[in-house]
Structures are given as structure tokens and as C-alpha cells.
Amino acid sequence: MKKDIQKIALIRLSALGDIINSAIVLEFIHNNFANASVTWVCEEVFAPILRGHPLINKVETLNLKKIKKDKNISELFATLSHLRNIGDFDIVIDIQGLLKSAVVARLIGKNTHGFDKHSSREPLSSLFYKTTSNIAYEQNVIKRNCFVVGDALGFEINDGMILEKKPIFGHLKDNYTLPKQNNKKNIAIVIGASWKSKKYPKEKIAQLCTKLQQNSLIIWGNDDEMEDALWICDNAKGYATPAPKLTLKSLVSFISQVDLLIGNDTGPTHIAWAQNIPSITLFGPTTSRMIYETPINSYLKSPSKVDISKINKNDFSIKDIEVEDIVKKAKELLK
């Protein structure tokens, strides 16, 4: 039964990919509660992708990682005080399901909702919620995000609705204009990741660009990745160029204009799905649970077995994904 709710707080602090895969719920909240005010709480570094979103009334930010790193007690108490005073909400929904996000939810309001102890990676988080949802932790992450929000607010989000979603970050589409190219397709390739074991080898990326014979644009995020991007371009026989330095907002706009994106399990790769852009996600130490497969959003997984409750960051099997398999799938999607 749909509830009478006017003010909603959503808690998803990090990381970029998780925020991208959670923001789909905004469309469905608006469809059911058109006049409700939505506040999103996240880490400051990820706020640019949410600010200005037409379905978010306010973005509240924290710097918990910085506080932990600096061991700044005074800033911690200031943050706690801020959380207690950001608003009076009818419901606070923790989409993340970690202990830290559950504490944040409870500080914001009493009427909290999140995953139950059987559904969360950190079961203790369930102690901070007034009501909970049960959905297997092994389930697809997008389905989990949609379920916990729909369950909290009293409506259903089904597969058909997810498949028919609008671009999630349409408000950022004009932050960058991709230069017009020749008659070749523009293929964005994401090479960075938070773990080395998630990265597809640069040697194989150069081979991939050469075999595709399209206009491959190598997306990089720091100096080390820039060096790898330049190496790939030097070894791709003229079929690859480095993407420009992009802000988080211009990254969304950039990806929204390409014909195809190929990348590992990381935030920028998930942007393609969010914007309804064809994509191929490469998995090594993680699984396809992290994406929502569609006719235009596909994946390739290495042969390794993955225990999602205990991810092996030393699983470098992504290197075993064959270049020819990626080329074949890319050609299918480019049709």
C-alpha cells in the first residue's frame, strides 16, 4: 500500500558506481510521489553528479573519509550535529546498507528503513532501522536498490519499468560536446578502477582498439591512468586517442554521446547503462550482479569463481577475457 509521504531522505554515501546504480529510484519515486521533496545524502566528492538533478530537491554532503583519515574529532562532532538538523523527514531510506550509512540514517530521523540482517553485507546495520526489507544479498544490485525503496514507500518497481527507464542524469547532457569525427564509431574505453585486479591489461586494450578499427576514446582519471592511455594510443595503430581531462559532470555528458562504451566494473562504466548507451562490462573479481543487463548493455566474465561475500582482490583473471570475444560483442552492439 502506497504511503502518505511528503519528505524523503535517501542515504547512499558512496561509491560512484553505487550512487549511479541507486539513482534510478528517483524516477519511480517521482512517478508515485510527484509532490514529495527528496533529499540525497552522499560523500562530498560525488555530489556533482547529483546536484541540479530535477528530481532531487537538496543534496546534503559529508566528508566521512576525510574525517577518518585526519582523525579530526571536532569535524566529526560538527558533522553529527549537522546531520541531526538537516530536516524533518517522513522517512529516511538507507539504500547502502552499511553500518556507517545506517548510523547516518538514524541521526537524520527516527522513521528509518533499510535492509534486514539477512540482506545486508553488514548485518548490524539493521539495528538502526525502524522497518526493514528482505532481499537476498546475492541479488542484482539494481534490483536490490529498487526493491528497498519501493518496499519502504509502498509501491513496486518491476523489470519492465527498469528496462524502460529514462536517462538517469539527463540534466548533465550539455556539460560537454563530443567533437564530430569521421565516419567511424566513437567507442569510449574505461581503463581505470579502484583495484588493480579489476583492470583489463593495457596491452589487450591496445589490441582491442586495433581490431575494432573505430575511433576509440580512452577515458582516464589520474596521472597513472593518463600514462596508460598514452601507451595504449601509441600502440593502437592510430585507432585510439586519449579522452580529454573530464570532471564528473562532463564525464557523464561525454559518455552520453558515444556509440559504445567498454570498461571494467567501475563507476564510469556504469554511467553508460544509466544514460541508455550501449556498453560491455568486463568482470574478473566481481560478477554481473553489479549491472542490469539489457539488449544494449552486456558483459563478459572471466572463468574465475567469485564469492561475493568475500571478494578476492587478488583475482586477476580479467586478463583471461579474450580480445576477440569483446570485438565480437562490440560489433553486435554497434549494429
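What you see is a predicted model; the values in this text were computed from it and never measured. (Residues numbered from 1 in each chain as written. Predicted model: local features only at pLDDT ≥ 70, side-chain atom pairs only at ≥ 80, totals over all residues. Heavy atoms only, no water.)

**Q** I keep staring at the sheet that holds strand S11 (residues 279–283) and nothing clicks. Help me out?
**A** Picture the strands of a sheet paired through backbone hydrogen bonds; they go either parallel or antiparallel. With parallel pairing, six strands are arranged side by side in an open sheet as S9-S8-S7-S10-S11-S12. Either end of the sheet is taken by a strand with one partner, and the two such strands are strand S9 (240–242) and strand S12 (297–301). Each adjacent strand pair in this sheet contributes to an overall mean axis angle of 20°, direction not counted. Where strand S7 (residues 186–190) lies against strand S8 (residues 215–219), five bridges are found, and the strand directions are parallel. (Pairing = 2+ DSSP bridges. Helix = DSSP H or I, 4+ residues; strand = E, 2+ residues; numbered from the N terminus. Axes fitted to C-alpha atoms, helices over the stretch in contact; angles between N-to-C directions.)

**Q** What should I look at first to understand the nonpolar core in this one?
**A** In summary, soluble globular proteins display a tendency toward joint burial of nonpolar side chains. Counting 63 residues, the largest nonpolar core has Ile8, Leu10, Ile49, Leu153 and Phe169 as the members making the most contacts within it. Considering each element in turn, this core owes the most residues, seven residues, to helix H6 (residues 141–153). Filtering out sequence-adjacent residues up to four positions away, Ile49 remains in contact with Leu16, Ile19, Ile20, Phe169, His171, Leu172, Leu248 and Val252. The next biggest cluster of nonpolar side chains, apart from the first, holds 29 residues, and it includes Ala206, Leu260, Leu282 and Ala330. (Core = buried A, V, L, I, M, F, W, Y, C linked by side-chain atoms within 4.5 Å. Buried < 20%, exposed > 50% of the residue type's maximum accessible area, 1.4 Å probe, protein only. Contact = heavy atoms within 4.5 Å.)

**Q** What is the right way to look at the packing of helix H8 (residues 202–212) against helix H9 (residues 223–234) in this model?
**A** In a pair of packed helices, the angle between the axes and the distance between the axes together describe the arrangement. Their axes nearest at 9 Å, the elements H8 and H9 cross at an angle of 40°. One element, H8, and the other, H9, form an angle in the oblique class. Seen along the crossing, H8 lies across H9 with a hand that is right-handed. Residues Lys202, Glu203, Ile205, Ala206 and Cys209 of H8 form the contact with H9, whose own contacting residues are Asp228, Trp231 and Ile232. Its residues placed into classes, the contact of H8 with H9 shows five nonpolar, no polar and three charged. (Parallel < 35°, antiparallel > 145°, perpendicular 65-115°, else oblique. Left-handed = near helix turned anticlockwise from the far one by under 90°. Nonpolar A, V, L, I, M, F, W, Y, C, P; charged D, E, K, R; others polar.)

**Q** Where do I start with the packing of aromatic side chains in this structure?
**A** The geometry of an aromatic ring pair comes down to the distance between the two centres and the angle between the two planes. Summed over all chains, the structure comprises three aromatic pairs. Taking 6.2 Å as the distance between ring centres and 50° as the angle between the ring planes, the aromatic pair formed by Phe33 and Phe155 counts as tilted. Separated by 122 residues along the polypeptide, Phe33 in the loop between helix H2 (25–32) and strand S2 (37–43) and Phe155 in the loop between H6 and helix H7 (159–163) bring together distant segments of the chain. Here the two residues Phe33 and Phe155 agree in accessibility, since each one is buried. For the cation-ring pair, Lys198 lies above Trp195, with the distance from its terminal atom to the ring centre recorded as 4.4 Å. The ring centre of Trp231 lies 4.9 Å from the NZ or CZ of Lys202, which sits over that ring. (Phe/Tyr/Trp six-rings, centres within 6.5 Å; stacked < 30°, edge-to-face > 60°. Lys NZ or Arg CZ within 6 Å of the ring centre and 35° of its normal.)

**Q** How do you make sense of the side chain of His53 when you look at a structure like this?
**A** Residue position: His53 is located in the loop between S2 and strand S3 (58–62). Relative accessible area serves as the criterion here: at 6%, His53 is assigned to the buried category. A distance of 2.8 Å separates the side chain of His53 from the backbone oxygen of Ile168, its partner in a polar contact. Filtering out sequence-adjacent residues up to four positions away, His53 remains in contact with Leu26, Ile168, Phe169 and His171. (Polar contact = N/O pair within 3.5 Å; in protein donor to acceptor, adjacent residues only side chain to side chain.)

**Q** In this structure, what is going on with unusual backbone geometry? I would like to understand it.
**A** Peptide bonds are mostly trans, and most non-glycine residues show a negative phi. With an omega of -10°, the peptide bond running from Ser14 to Ala15 counts as cis. Backbone geometry at Asn276 places phi at a positive 65°, although glycine is not the residue there. By the secondary structure assignment, Asn276 is in the loop between helix H11 (267–274) and S11.

**Q** Sorry if this is basic, but what is going on with the side chain of Ser317 here?
**A** Topologically, Ser317 is positioned in the loop between S12 and helix H12 (323–334). A polar contact of 2.5 Å, which involves the side chain of Ser317, links it to the side chain of Ser302. Ser317 has contacts with Gly284, Ser302 and Ser304, leaving out every residue within four places of it along the chain.

Everything listed is a geometric property; what it means functionally is a separate question.
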